[in-house]
Amino acid sequence: MSTNEGAGRISRTDDAILKLKAMITDGELPAGSRLPREADLAARLGLSRNSLREAIRALAMLRILDVRQGDGTYVTSLEPTLLLDTMGFVVDFQQEDSVLHFFEVRRILEPAATAMAAGRITPEKLAILEETLPLGDPDASMETLVQQDILFHQTIAEASGNPVLRALISGLSAPTLRARIWRGLEQEDARARTAAEHRQIYDALVAGQADVAEACAIVHIAGVENWIRRAMAEESS
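Residues numbered from 1 in each chain as written. Predicted model: local features only at pLDDT ≥ 70, side-chain atom pairs only at ≥ 80, totals over all residues. Heavy atoms only, no water.

Peer 1: What is the right way to look at the overall build of the protein in this model?
Peer 2: Secondary structure summary: the protein contains 12 helices and 2 strands in total. Listed by position from the N terminus, the elements making up the protein come as α-α-α-β-β-α-α-α-α-α-α-α-α-α. Partitioning the intrachain contacts of the protein with sequence separation of at least 6 by distance along the chain shows that 69% fall at a separation of at least 24. If you sum the accessible surface of the protein, you get close to 13,200 Å²; carbon and sulfur atoms cover 53% of it. (Helix = DSSP H or I, 4+ residues; strand = E, 2+ residues; numbered from the N terminus. Contact = heavy atoms within 4.5 Å. Areas by Shrake-Rupley, 256 points an atom, 1.4 Å probe, with all protein chains shown as cover.)

Peer 1: Just checking my understanding: could you explain the nonpolar core for this structure?
Peer 2: Soluble globular proteins: nonpolar side chains tend toward being buried together. Counting residues in each nonpolar core, the largest one holds 18 residues, and the members touching the most others are Leu20, Leu35, Leu41, Leu52 and Leu65. Counting residues per element, this core draws most heavily on helix α1 (residues 3-25), which supplies 5 residues. Here Leu35 is in contact with Leu20, Leu29, Leu41, Ile56, Leu65, Thr73 and Val75, once residues within four sequence places are set aside. Membership of the second largest hydrophobic core comes to 16 residues, among which are Ala117, Ile121, Leu129 and Cys216. (Core = buried A, V, L, I, M, F, W, Y, C linked by side-chain atoms within 4.5 Å. Buried < 20%, exposed > 50% of the residue type's maximum accessible area, 1.4 Å probe, protein only.)

Peer 1: Can you help me understand the side chain of Asp149 in this one?
Peer 2: Tracing the backbone through its elements, the reader meets Asp149 in helix α8 (residues 142-159). A relative accessible area of 10% places Asp149 in the buried class. Residues in contact with Asp149, not counting those within four places in the same chain, are Leu135, Arg180, Thr194, His198 and His220.

Peer 1: Looking at this structure, I do not really get the side chain of His153. What am I missing?
Peer 2: Inspection of the secondary structure puts His153 in helix α8. Aside from chain neighbours lying at most four places away, what touches His153 is Arg106, Glu110, Arg180, His198 and His220.

Peer 1: For this particular structure, what's the right way to read the pairing of strand β2 (residues 72-75)?
Peer 2: In regular strands, side chains alternate between the two faces of the sheet. Note: strand β1 (residues 65-68) against β2, 4 bridges, orientation antiparallel. Within the sheet, the bridge partner assigned to Leu65 lies in β2 and is Val75. The turn joining β1 and β2, which pair antiparallel and follow one another in sequence, is formed by 3 residues; a positive phi near 80° is taken by Gly70. (Pairing = 2+ DSSP bridges.)

Peer 1: Would you mind showing me how to read the packing of helix α6 (residues 99-118) against helix α9 (residues 163-171) here?
Peer 2: Relative to each other, α6 and α9 sit at 140°, their axes nearing to 10 Å. When the axes of α6 and α9 are compared, the pair comes out oblique. α6 and α9 meet at a crossing whose hand is left-handed. Only Leu165, Leu168 and Ile169 of α9 make contact with α6, whose side of the interface consists of Leu109, Glu110, Ala113 and Met116. Across the contact of α6 with α9, the residue classes tally to 6 nonpolar, no polar and 1 charged. (Axes fitted to C-alpha atoms, helices over the stretch in contact; angles between N-to-C directions. Parallel < 35°, antiparallel > 145°, perpendicular 65-115°, else oblique. Left-handed = near helix turned anticlockwise from the far one by under 90°. Nonpolar A, V, L, I, M, F, W, Y, C, P; charged D, E, K, R; others polar.)

Peer 1: I would appreciate a short explanation of the pattern of salt bridges in the present structure.
Peer 2: Side-chain pairs of opposite charge can arise where the charged atoms are in close proximity. Enumeration according to the criterion identifies 14 salt bridges in this entry. Of the charged contacts in the structure, one is a salt bridge between Arg199 and Asp203, with a shortest N-O distance of 3.7 Å. Residue Arg199 and its partner Asp203 are located together in helix α11 (residues 190-206), separated by 4 residues, close to a single helical turn. Accessibility expressed as a relative area gives 38% for Asp203, which makes it partly exposed. Among the ionic contacts, a cluster of salt bridges with common partners joins Glu104, Arg107, Glu225 and Arg229. (Salt bridge = Lys/Arg side-chain N within 4 Å of Asp/Glu carboxyl O.)

Printed below as a string of structure tokens:
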């Protein structure tokens, strides 16, 4: 295949993807609906069947479409958590030092979610946060402590009321998990410091102080990020 032929094929596939996405975003193909027969859909959109197949394959990889053998192709639930699972797949292949990039993103997203949660959090979610504040028994494993830490942050993300923000923050937990355990094992006062900083965030949420809650979240996440940065620099020196 020549370069021009390859470019033309990609262009036709891109056109097919755009047309299918337009049908979904315009509500013509709502979540859960089944796509029309391939021949009918290709004729309706003015596409070749090959271009349509490639577009469907691409959207299936992004989990926007669900191809069910012998049944047809369906639009997924389009839930943000489902669609953003792709990010979780990608981060599994990141290099070790890229963990700092994920902490940088956490430092941007989580304080914003915390500020939003200050005006929306329910008594039930505040109760969950309060239960995590002790960070487990004195003899609890570091893995248990980190799981309590994750629950604390995920509960706040849920309380933000924004499902996309919640899904993004949840996706950042996995690539930073080992680094958080490492800090817990190596830094002598990690447990006490984390508990104190969580308490400050919790108190601000209880008081409904969005700006204070946001500031406390920035300090908390930046502290972990800075420790990881220093520790990695020392290991590489």
